[in-house]
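These are the residues of each chain, in order.
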Amino acid sequence: MNFNEVKYLKIYYQDSFGTLQVAKSTLKNYNEKSFVAIFKYDNQTIFKVSQDMRIDFVCLDGLYKSNAELIETRKEDIYQILIFKTPPKYEYQQTREYFRVKASILCKCFYNDENGIESQMGKTFDISANGVAISFDEKINPNSIFKMLISLSEKEISIPLKYIRHEIIDNSSIYSYAYENLLEEERDVISKWCIKKQLA
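Attention in this report is confined to the structure presented alongside it.

Turning to the environment of Asn115, a few remarks are in order. Turning to its location among the elements, Asn115 is positioned in the loop between β9 (106-113) and β10 (116-127). Overall, Asn115 belongs to the exposed group, its relative accessible area being 61%. Residues Asn115 and His166, 51 residues apart in the sequence, show an inter-C-alpha distance of 25 Å.

Have a look at this one:
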């Protein structure tokens, strides 16, 4: 992995309530011994040194995963500064910034037709923080769908959709959609749900 090609970091940690959080962080002052991560502080977490933390390095060519030891922590104004020992190795994950997980979840999809806005139930085939693949029991014009309602982690999320493509997988029609203008807090809910699903 080339540190010069790191766009940003995703740091995984538990807050004071034991809830998994993901902080999007800027990478600073990296060398073969240590590197610095900076992000806005949430005022709910005390970071302890000597703990190993999972870090995703989002690079130009994809995503790399590693565990790094926290060796120093401090706060400056509204920012949390974490200094890590540079890990000896990194695991290349994928070319996507957000990984997909296979999951069958009921979702309500909204579309336009000649009678106005209608809805139809579908099931997710896989889902990520960037997009979703859905199957339907009934025939539908996939390009007419513009929004999905889905419940993740006991939270109902309304997601604007943009149709991407159609595939036949295991004799089923799968329609892929990207998210449009998704709020970052809602993207975080999806991302955390995917992480928990992958670790389960």
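Now, onward.
What follows concerns the pairing of strand β3 (residues 34-40). In terms of residue burial, β3 counts as a mostly covered element, since five of its seven residues are buried. Relative to β3, strand β2 (residues 20-28) runs antiparallel, the two being bridged by three bridges. When the sheet's bridge partners are listed, Thr26 is paired in β3 with Ile38. In sequence, β2 turns back onto β3 through a hairpin of five residues, with Asn29 there showing a positive phi of about 50°.

A few words on the packing of aromatic side chains. When we look at a pair of aromatic rings, we describe it by the centre distance and by the angle of the planes. Counting across every chain of the model gives eight aromatic pairs. When the centroid spacing of 5.3 Å and the interplanar angle of 20° are considered together, the rings of Phe35 and Phe84 count as stacked. Highlighted residues: Phe35 in strand β3 and Phe84 in strand β6 (residues 79-85), separated in sequence by 49 residues. The rings of Phe35, Phe57, Phe84 and Tyr90 are connected pair by pair, giving a single aromatic cluster. Stacked on the ring of Tyr8, the Lys or Arg Lys24 has its end atom at 4.4 Å from the ring centre. One residue, Arg54, lies across the ring of Tyr12, its end atom 4.3 Å from the ring centre.

We now examine helix α1 (residues 184-199). For α1, which comprises 16 residues, the first-to-last C-alpha distance of 22 Å matches the rise-based estimate of 22 Å (1.5 Å per residue) to within 8%. All of the buried residues in α1 are Glu186, Arg187, Val189, Ile190, Ser191, Lys192, Trp193, Cys194 and Ile195.

Side-chain direction in a regular strand flips from residue to residue, so the side chains alternate between the two faces of the sheet. By the criterion of burial, strand β11 (residues 131-135) is predominantly enclosed, with four of the five residues buried. Where β10 and β11 come together, four bridges link them in antiparallel fashion. Within the sheet, the bridge partner assigned to Ile127 lies in β11 and is Val132. Counting the residues between successive antiparallel strands, the hairpin from β10 to β11 contains three residues. The sheet contact formed by β11 and strand β14 (residues 172-179) spans four bridges and is antiparallel. Residue pairing across strands places Ile134 opposite Tyr175, the latter belonging to β14.

Cut-offs used in this document
Residues numbered from 1 in each chain as written. Predicted model: local features only at pLDDT ≥ 70, side-chain atom pairs only at ≥ 80, totals over all residues. Heavy atoms only, no water. Helix = DSSP H or I, 4+ residues; strand = E, 2+ residues; numbered from the N terminus. Buried < 20%, exposed > 50% of the residue type's maximum accessible area, 1.4 Å probe, protein only. Pairing = 2+ DSSP bridges. Phe/Tyr/Trp six-rings, centres within 6.5 Å; stacked < 30°, edge-to-face > 60°. Lys NZ or Arg CZ within 6 Å of the ring centre and 35° of its normal. Expected span 1.5 Å × (residues − 1).

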